[in-house]
Amino acid sequence: LKLTPEQISMIDVKQQEVRDAMQALYPGGFGQMTPEERQQRMAKAQELQDKAVVEIMGLRFRQLELQQQGPVAITRKTVADELKLTDAQQKQVADLQTQANADRRAAMQGVDYQNMSDTDRQALAAKMWDMQKSEGDKILALLTDTQKTQWKAMQGTPFTFPAPVAPGAAPAAVPVAVPKA
């Protein structure tokens, strides 16, 4: 990461700030919360972590994170707010995410990951990647031209990430660009 001494000194401070803020978000744990409350608190926790990382690492880290996550990152409140998604767009994105999650759960039914071969794990990883790409394509289709331009700008200069690898499988020999749809 090539952190500067200043960045390194900020890590412990920011970690403690995030830890304290997260404890305040979950005073009694998840047990007494509704699913909506859990989702709101998790979004707030993600926002706190995002802010701390950007303060330490700078804007480029956030750009790379958005590139790596692809359009699915638009489901995050901070990203949706920055793109100024309308209430209707946010509902459509939430509906797409709900359906995509159901599709992923259905695809994993009966999968015995522990006993899969490397080839089967790679095939499953490819299938999950295709599902995520499809979800991202559908999310991008909901954006206006102005929002699409802003989304591209939020990602900064394109970076080539190594190909995703299923846990337990051998990595690919050649890095490939992660599609951004």
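Everything below is about the structure printed above this text.
Residues numbered from 1 in each chain as written. Predicted model: local features only at pLDDT ≥ 70, side-chain atom pairs only at ≥ 80, totals over all residues. Heavy atoms only, no water.

## Some thoughts on the side chain of Gln147
Moving on, step 1. With respect to the helices, strands and loops of the structure, Gln147 is situated in helix H7 (residues 145–155).
Moving on, step 2. Here Gln147 falls in the buried class, since its relative accessible area comes to 6%.
Moving on, step 3. Within the local environment of Gln147, its side chain forms a polar contact with the backbone nitrogen of Thr144, the two atoms lying 2.8 Å apart.
Moving on, step 4. Once residues within four sequence positions are removed from consideration, Gln147 is found in contact with Leu83, Lys84, Leu85, Gln89 and Leu142. (Helix = DSSP H or I, 4+ residues; strand = E, 2+ residues; numbered from the N terminus. Buried < 20%, exposed > 50% of the residue type's maximum accessible area, 1.4 Å probe, protein only. Polar contact = N/O pair within 3.5 Å; in protein donor to acceptor, adjacent residues only side chain to side chain. Contact = heavy atoms within 4.5 Å.)

## Focus: the pattern of salt bridges
Moving on, step 1. All told, the structure shown has 12 salt bridges when counted by the stated rule.
Moving on, step 2. For the salt bridge of Glu55 with Lys51, the shortest nitrogen-to-oxygen distance reads 3.7 Å. One end of the pair, Glu55, and the other, Lys51, are both in helix H2 (residues 35–57), 4 residues apart, so they sit about a helical turn from each other.
Moving on, step 3. A relative accessible area of 34% places Glu55 in the partly exposed class.
Moving on, step 4. Owing to a relative accessible area of 55%, Lys51 belongs among the exposed residues under this scheme. (Salt bridge = Lys/Arg side-chain N within 4 Å of Asp/Glu carboxyl O.)

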